[in-house]
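Take a look at the letters that make up each chain.
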Amino acid sequence: MTTVLIVASAAPKQPAVLVEALERFRSRGATVTVACFFDSAELPIDPALAEVRTFAVPAEKRDARFRKALGRAQANRKPWLHARHNAWLRQRYRKADLLVALDARAVHTVWEMAQRNTRAGACYGLVPAQRALDSARSESVGKRLERQVAAAAGIGARGAKRAAVQTARTTFRKATGQTVMSNPAGAWFWTRAVAAPRVPDRFRSKLAVRLHDSAVRAGRPAVAARAASAAVNRISSARTRADVLTKAAQSELALGHVPTGLHEAIEAQLVLADSLLPKNATQAAAAVSKAWSLASNRVLHFDRLTSPMSEDPDAFLAPFRASAAARKLSGPRGRLAPAAPAPTDRPLRLLVTTLINDNFLPEILERYRAMPNVEVRFLDLYEDPVTRPLALSGSAVMEHLLAGESSYGAKIEEWLRPHLDWADTIFVDWCQATAALFTLHDPGTARIIVRLHSFEAFNFWPHLVDFSRVDDVVFVSEHLRDLSTAVLPQLAEAGGPRLWVVDNAMDLQRYPRAKSADARFTLGMVGFSSVAKDPRWAIEVLRKLRERDERYRLTLIGSDFNNRTSKPAKDYGKLLSKDLTELEPLGAVRRYGQTDDVPAALEEVGVILSTSVRESFHCGLVEGAASGAVPVVRDWPFFAGKPHGARTLFPADWLVGTPEEAAERILAATATEERWRETGRAASEHALKTWDWSVTQSGYDRLLLDD
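Residues numbered from 1 in each chain as written. Predicted model: local features only at pLDDT ≥ 70, side-chain atom pairs only at ≥ 80, totals over all residues. Heavy atoms only, no water.

Of the regular secondary structure elements, the chain holds 31 helices and 17 strands. Counting every position in the chain, which comprises 707 residues, the buried fraction comes to 51%. Taking all contacts inside the chain whose residues are at least 6 apart in sequence as the whole, residues at least 24 apart take part in 71%. Of the roughly 32200 Å² of accessible surface on the chain, 52% is carried by carbon and sulfur atoms. Distance from the positive charge centre (96 side chains) to the negative charge centre (80 side chains) of the chain: 14 Å. (Helix = DSSP H or I, 4+ residues; strand = E, 2+ residues; numbered from the N terminus. Buried < 20%, exposed > 50% of the residue type's maximum accessible area, 1.4 Å probe, protein only. Contact = heavy atoms within 4.5 Å. Areas by Shrake-Rupley, 256 points an atom, 1.4 Å probe, with all protein chains shown as cover. Lys, Arg positive; Asp, Glu negative; His and termini not counted. Charge placed at Lys NZ, Arg CZ, Asp CG, Glu CD.)

Across a sheet, strands are paired by hydrogen bonds formed along the backbone, either parallel or antiparallel in direction. Taken in spatial order, the six strands line up as β14-β13-β12-β15-β16-β17 in an open sheet, and their pairing is parallel. The open sheet is flanked by β14 (589-593) and β17 (655-656), the only strands paired with a single partner. In this sheet, strand β16 (residues 630-634) lies alongside strand β15 (residues 607-610) in parallel orientation, the contact comprising four bridges. Bridge pairing links Ile608 to Pro631 in β16. Sitting on the sheet, helix α24 (residues 535-546) is in contact with β12 (522-526), β13 (553-557), β14, β15, β16 and β17, with an inclination near 175 degrees to β12. (Pairing = 2+ DSSP bridges. Axes fitted to C-alpha atoms, helices over the stretch in contact; angles between N-to-C directions.)

Compared with the 24 Å implied by 1.5 Å per residue over 17 residues, the 24 Å span of helix α12 (residues 238-254) between its first and last C-alpha is a close match. Within the span of α12, buried status applies to Thr240, Ala242, Val244, Leu245, Thr246, Ala248, Ala249, Ser251, Glu252 and Leu253. Those residues of α12 that are buried lie in contact with α10 (201-217), α11 (221-232), α13 (262-276), α14 (281-295) and α15 (298-301). Just past α12, the residue Gly256 takes up positive phi, approximately 90 degrees. (Expected span 1.5 Å × (residues − 1).)

A few words now on the packing of helix α27 (residues 619-626) against helix α30 (residues 673-691). Viewed as axis vectors pointing N to C, α27 and α30 meet at an angle of 125 degrees, and their least axial separation amounts to 7 Å. Judged on the interaxial angle alone, α30 and α27 are oblique. Residues Val622, Ala625 and Ala626 of α27 lie in contact with α30, whose contacting residues are Gly680, Ala683, Ser684, Ala687 and Trp691. A class-by-class count of the residues in the contact of α27 with α30 yields six nonpolar, two polar and no charged. (Parallel < 35°, antiparallel > 145°, perpendicular 65-115°, else oblique. Nonpolar A, V, L, I, M, F, W, Y, C, P; charged D, E, K, R; others polar.)

Turning next to the sheet that holds strand β11 (residues 498-501). Here we have six strands laid out as an open sheet, ordered β7-β6-β8-β9-β10-β11, and parallel in their pairing. A strand with exactly one partner marks an edge of an open sheet, and here the two such strands are β7 (374-380) and β11. With strand direction ignored, the average angle separating the axes of adjacent strands in the sheet is 20 degrees. Bridge analysis of strand β9 (residues 447-451) against strand β10 (residues 472-475) gives three bridges, and the strand direction is parallel. The residue bridging Ile449 from the neighbouring strand is Asp472, located in β10.

The subject of this paragraph is helix α29 (residues 659-669). The set of residues buried in α29 consists of Pro659, Ala662, Ala663, Arg665, Ile666, Leu667 and Ala669. Here the buried face of α29 lies against β12, α24, β15, β16, β17 and α30.

Below, the discussion takes up the packing of aromatic side chains. Working definition: an aromatic ring pair is given by the centre-to-centre distance plus the angle between the planes. Within this structure, the stated rule accounts for 18 aromatic pairs. On the numbers, 6.0 Å between centres and 70 degrees between planes, the contact of Phe302 with Phe458 is edge-to-face. Of this pair, Phe302 sits in the loop between α15 and α16 (308-311) while Phe458 sits in the loop between β9 and β10, placing them 156 residues apart in sequence. Judged by relative accessible area, which is 10%, Phe302 ranks as buried. Each ring, one from Trp430 and one from Phe455, has its centre 5.8 Å from the other, and the planes form 55 degrees; the classification is tilted. Linking Trp430 in the loop between β8 (425-429) and α22 (433-438) with Phe455 in the loop between β9 and β10, this pair joins segments that are 25 residues apart in sequence. Judged by relative accessible area, Phe455 falls into the partly exposed class, the value being 26%. (Phe/Tyr/Trp six-rings, centres within 6.5 Å; stacked < 30°, edge-to-face > 60°.)

Okay, the pattern of salt bridges next. A full pass over the atoms with the stated rule returns 38 salt bridges. Between Asp472 and Arg498 there is a salt bridge whose closest N-O contact spans 2.7 Å. Pair noted here: Asp472 is in strand β10 and Arg498 is in strand β11, with a separation of 26 residues, a long-range link. Judged by its relative accessible area of 0%, Asp472 falls in the buried class. (Salt bridge = Lys/Arg side-chain N within 4 Å of Asp/Glu carboxyl O.)

Pasting the structure below:
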């Protein structure tokens, strides 16, 4: 009886063809096994026709050496690496009479199997397999022996080569590893070796990246910077220089460090982009995209307690302002006609649009949908899976802006033009992809309004928005307006958009509820999932309070801390977890969890905290104040000492500078139940008369309805 082994790297697009072939094999008396490099459940075959099994090694069973081999291997060689580790498959291919590759990616695997089972026939495709099965295979003993010897020699040679390469790699890794780079003599030697003359750029660049990474991991960033700089000074190719500096910066960012050579890497990519701009817009866009990827990395701005963008935006963005390619991305192209006045003979057509996040829109949509003189449409660019990818490609936007035209731009025009033609006014929430896409082409006579929240100021998207096509830009606070105009000077230039400060739309009437006397000693935070919220500052306040009175406790409302975004977030999360492990068993801290009924959660809270390092407004704090909790607001460090910030947004007696000041304010405000209720009542009255939707909606009416 003939034994056939079929190897498939992917599920066949026409399983019926395979089934037909299997029936022919069975009619010829063959026993068939199908080895799948995918879930065998995707290939339902009658067991009477063939045995079907998966041979991919599960992730949990892969050792470090196997994982490294997979990482280095080409795509068509990965199935063979799995096959070598599968005892069932090894047994099958050594006994098979015919080996068949069902698809191109399985060819290498079948070839390797044939080198180890020289008496078996081997072919690619089902038709050749059927022909091979029909024709009896005869071969002289001498010829078969010759082929076996050749196959064995080839296997031995490849094994020796692999061993030699692996030995060389291991030796190189050890010679340039952390231990060597942490030693002054080793660092001295390699810093000079990487700058030696007549070393090809491709070898020098790889060595430089390896030495930099090892030195950083060894805790010697200055040595890392010297090694990278020494290599770059010897590299003639601008592309290779940029690549070395970028990889060096990325390795430091991956470790949670602010790269010592961050600006050099950004400048190198932008110099490369400027040189490529006249010749190749695609490559120029790729270089600018890499520069922005470094500059807007979350390690710099979101997962640490400081940000270079906040500290000195002019210095941080200087390389982009000096680059012709970067300037072209945000250069004004103007509009063919000004926005038309609001119509008087029909309802105003208002398009409200966003990307994924509509958290700040419910009250706005509800109000204007109820107005007979306004026709509202809502568009979330993420909703349609067909067009969704168009809204998520910053590099494609950059390429279009640098080239002036592109197939991508044509698709955006086709997608958004009907919305631009329909609307009188377009309210774009979040100054990110949505704003960039709606200004990619001339907006016609539609009025464009963009609301910029907080995180966008630290991101690349606002730098792709053509503000000469935007009529109005809205901020939720004055300090956010100040930061944004420093980051985007074109906002404040003559002929730029009108700038508005309009508070967030919040229905606060549902928050005032009766609080029990016991709530007096409960501190609350609404939202603590990110480093920017700095929940450990709240823990510090709690510790100081409990030194005086152990009745004080902290309730954390919202989803748990997200430590998966970066190394600094993970490190912060470990410290926070240690705090919680200590305090939760004592009843000092309680995690309330995510809830859709925040007013109910705040019934238990007597003191509401804002401990963030930055906020654009902080709705959770205002909601807590509206509920009657005593507000305690840290003077947000990103804006402290500047013309506007938490101290100009909230009443002075709400503000504190340190955990000690926070503890003293809380002790004073909660000294008696009467004092606590009186302070909370005053805070609630202030919140309702200042920020409730019944008050702030007039600002939106002026923005959206008045010319």
